[in-house]
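A closer look at the structure
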Amino acid sequence: MTRSRVFSRRVPGALLSMFVAMTWARAAQAQATEEKPPVASSAEADANNPLAKTQAFNVHDYYIPTMSEAPDQTANTFWLRYAQPVGKFLVRASLPVSRVPSADGSTASGLGDFNAFAAYLFDTKPGTSFGVGPQITAPTATADETGTGKWQGGLAAVYFDATSPAVQWGGLVTWQAAFAGDADRPGTSVLAVQPFFFLQMGKGLYARSTAVMVFDLKNDTYAVPVGLGIGKVVPTKSAVFNVFVEPQFTVLSRGAASPSCRSSSGSTLNFSRSNGEIRT
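Being a predicted model, the structure only gives us computed values, none of them experimental.

Conventions and cut-offs
- Position labels on residues start from 1 in each chain and follow its written sequence.
- Predicted model: local features are reported for residues with pLDDT of at least 70 only, side-chain atom pairs are reported and counted for 80 or more only, and whole-chain, interface and lining totals are derived from all residues.
- To get the side-chain values, all heavy atoms of the structure are used, and hydrogens and water are removed first.
- For helices the rule is a DSSP run of H or I covering at least 4 residues; for strands it is a run of E covering at least 2, with both sets numbered from the N terminus onward.
- Using a 1.4 Å probe on the protein chains alone, a residue whose accessible area is under 20% of its type maximum counts as buried, one over 50% counts as exposed, and one in between counts as partly exposed.
- N or O atoms within 3.5 Å of each other form a polar contact, as long as, within protein, one can give a hydrogen and the other can take it, and as long as residues adjacent in sequence are counted only when both atoms are side-chain atoms.
- What makes two residues a contact is simply this: any of their non-hydrogen atoms within 4.5 Å.
- Salt bridge criterion: a side-chain nitrogen from Lys or Arg within 4 Å of a carboxyl oxygen from Asp or Glu.
- What pLDDT expresses is the predictor's confidence in each residue, scored from 0 to 100.
- Among buried residues, the Ala, Val, Leu, Ile, Met, Phe, Trp, Tyr and Cys ones that are joined through side-chain atoms within 4.5 Å form a nonpolar core.
- Working definition: rings of Phe, Tyr and Trp (its six-membered ring) pair if their centres are within 6.5 Å, and the pair is stacked with planes under 30 degrees apart, edge-to-face with planes over 60 apart, and tilted otherwise.

**A short note on the side chain of Asn-48**
Tracing the chain through its elements places Asn-48 in the loop between helix H2 (42–46) and strand E1 (55–67). Look at Asn-48 and you get buried, because its relative accessible area is 14%. Polar contacts involving the side chain of Asn-48 include one to the side chain of Asn-242, which spans 2.8 Å. Other than its neighbours up to four places away in sequence, Asn-48 contacts Phe-160, Phe-198, Tyr-206, Arg-208 and Asn-242.

So this is what it looks like as structure tokens:
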């Protein structure tokens, strides 16, 4: 089967899954409104908005206790992320620190590839955010196993709906492919789809589902996880703190050593200064 046929069969399936999920979110949002759930403050409802016009610093850890076709192997990736509004753009930069299995059964650790995107923020109706822009990945990995050895470029698109104080939802879609770098390393073409849903439960507590589906179009492999976790938003005078944990389980996969399950946990600090004051 050619790669184009594989793409045409699997990517539409992923898009259909996103459509079904968004339809479910709309229904949940309407039902939540009818049942008059606990109302979140604007800071709590907007705390998980990836396009919020605030400075944000995030630490995010993915721990993988078991992998398909490699049950004795574990892995861990710790992400450092910073987001900064610049005019009509929201710029987000990410740097991973990883521990991953090696071909000989050992593990390799080090920095991964640095990634950044700049999403242009379109004017939308109140409570919604939408941004599209370029992204680039630099080969900054300190070990072959923790990076691709390639310069990669592509696009990122983000949508977030916070029109309801009870249910927020949206998605992040990115695609990138190699255009330069180590000629001895294989090329890349990766599509990542991340639907996210948040249900406010009152007093800053919320349920969340934010698993990332990854499709390696170059090597015809993929991993589709689902997750369900909990978070807590703590607004203060100086910032908004957001901590969370979310177990995730792979329901569809193809390819060696893909995660069977993983734990997603982290914290985010949102703050923005304006005329000496911090807005949350």
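More follows now that the structure is in view.
**Some remarks on the pattern of salt bridges**
Oppositely charged side chains can pair when the atoms bearing their charge come close. Taken as a whole and assessed by the stated rule, the structure comprises 4 salt bridges. The shortest N-O distance in the salt bridge between Asp-123 and Lys-88 comes to 2.7 Å. Remark: Lys-88 occurs in the loop between strand E2 (75–86) and strand E3 (89–101) and Asp-123 occurs in the loop between strand E5 (114–121) and strand E6 (128–138); sequence separation between them is 35 residues. Taking the relative accessible area as the measure of exposure, Asp-123 reaches 71% and is therefore exposed.

**Thoughts on the confidence of the model for the protein**
Averaged over the protein, the pLDDT score is 83; the fraction of residues at 70 or greater is 79%. Here residues 1–25 is a poorly scored stretch, pLDDT under 50, and it has 24 contacts once near neighbours within four places are set aside; other chains count.

**Re the nonpolar core**
Nonpolar side chains in soluble globular proteins tend to end up buried together. Counting 19 residues, the largest nonpolar core has Leu-51, Val-158 and Phe-196 as the members making the most contacts within it. When residues of this core are traced back to their parent elements, those giving at least two are E5, strand E7 (150–161), strand E9 (189–202) and strand E14 (240–254). Once residues lying within four places of it in the same chain are set aside, the contact partners of Leu-51 are Leu-90, Ala-119, Leu-121, Ser-129, Phe-130, Gly-131 and Val-158. Formed by 7 residues, the second largest nonpolar core is a distinct cluster that contains Leu-191, Met-213, Leu-217 and Tyr-222.

**Concerning the packing of aromatic side chains**
For the structure on display, the rule yields 9 aromatic pairs. With centroids separated by 5.9 Å and ring planes inclined at 70°, the aromatic side chains of Phe-198 and Tyr-206 adopt a geometry described as edge-to-face. Comparing Phe-198 with Tyr-206 shows no difference in burial state: the two are buried. Put simply, the rings of Phe-89, Tyr-120, Phe-122 and Phe-130 touch in pairs and so form one group of aromatic residues.

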